[in-house]
Amino acid sequence: MIAVTVPAHNEEQMIAACLQSLQVAALHPALRNEPVVIVVALDRCRDATEWICQRMGVEVVSVDAGCVGVARAAASERALALGARWIGCTDADSVVPPDWLARQLQCGASAFCGVVAVGDWLDYPQAVREQFLQGEHAVDGHPHVHGANMGFSAVAYRQCGGFAPLTTGEDVALIQAMHGAGMQVARLASPRVMTSARRHARAPHGFSEFLRRLEQRVGLATDEVVVGDAAPLSLLAR
């Protein structure tokens, strides 16, 4: 059995699209009808997120942590208890392609790390978009770790101790632990997940915060050009 885990905190506006894309990916012919269970970790949800999940027939676990690491760990534990051999991870504001799970299972490694693209740039200026595209190296062997686009075997997850209770960077910490244990991690440019550039962050220092900091840097660089003292812009590390 395959599982997909999704942490959620008040995601009533976006989670339906995420779950729909996961349900489509679960039906990919390359999976050969292997059962797929979707587990949403409801972390301090006070809106209609739980109702949407129930309506769409997915598994839910509830936590009261305000911590994405705790939420991912709780969802992963439920997935393991249900018998998952592979766990894919994404975020509630993201949409996966139809071959997302199939390509992960074909990667031939203990874990998979993919890249993301932004589906709704909202009011971000063009300069921010350009700098993001320059830094998001969408090539095989890329350096990125995105909780919205990753997966791992149940064996690897157990051996590395699972997700740490971190408010941010829990995805990076897990992959680092796998590298430290000598496990193979496939860092592939495809399949790519579409995510949101929303300004109201759910996790501190996460993707939304990264884009805001990048916007600030781009603004500074623009001001420098005006006064004739521009310097090369380096993309902030995530």
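These notes cover the structure that comes with them. From a predicted model like this one, the values you see are computed outputs, not experimental measurements. (Residues numbered from 1 in each chain as written. Predicted model: local features only at pLDDT ≥ 70, side-chain atom pairs only at ≥ 80, totals over all residues. Heavy atoms only, no water.)

Re unusual backbone geometry
Cis peptide bonds are those with omega within 30 degrees of zero, and the linkage from Ser190 to Pro191 qualifies with 5 degrees. Here Pro191 shows up in the loop between strand S8 (185-187) and strand S9 (193-196). At Asn10, a residue that is not glycine, the phi angle is positive and equals roughly 50 degrees. Looking at where Asn10 falls in the secondary structure, it is placed in the loop between strand S1 (2-8) and helix H1 (15-25). When its relative accessible area of 24% is taken as the criterion, Asn10 is described as partly exposed. (Helix = DSSP H or I, 4+ residues; strand = E, 2+ residues; numbered from the N terminus. Buried < 20%, exposed > 50% of the residue type's maximum accessible area, 1.4 Å probe, protein only.)

Side note on the pairing of strand S7 (residues 150-153)
Across the two faces of S7 the burial is the same, with Met150 and Phe152 and Gly151 and Ser153 all buried. Note: strand S4 (residues 86-89) against S7, 4 bridges, orientation antiparallel. In the sheet register, Trp86 faces S7, and the bridge partner there is Ser153. Pairing of strand S5 (residues 111-113) with S7, which is carried by 3 bridges, proceeds in the antiparallel orientation. Each residue of the ladder has a partner; that of Phe112, found in S7, is Gly151. (Pairing = 2+ DSSP bridges.)

Some details on the packing of aromatic side chains
Evaluation of the coordinates by the stated rule reveals 3 aromatic pairs. Grouping aromatic residues by their ring pairs yields a cluster made of Phe152, Tyr157 and Phe163. (Phe/Tyr/Trp six-rings, centres within 6.5 Å; stacked < 30°, edge-to-face > 60°.)

A few points about the side chain of Glu34
On the secondary structure map, Glu34 appears in the loop between H1 and strand S2 (36-43). According to the relative accessible area criterion, Glu34 is buried, its value standing at 19%. Within the local environment of Glu34, its side chain forms a polar contact with the side chain of Arg85, the two groups lying 2.8 Å apart. If near-sequence neighbours (up to four positions away) are discounted, Glu34 is found in contact with Met1, Ile2 and Arg85. (Polar contact = N/O pair within 3.5 Å; in protein donor to acceptor, adjacent residues only side chain to side chain. Contact = heavy atoms within 4.5 Å.)

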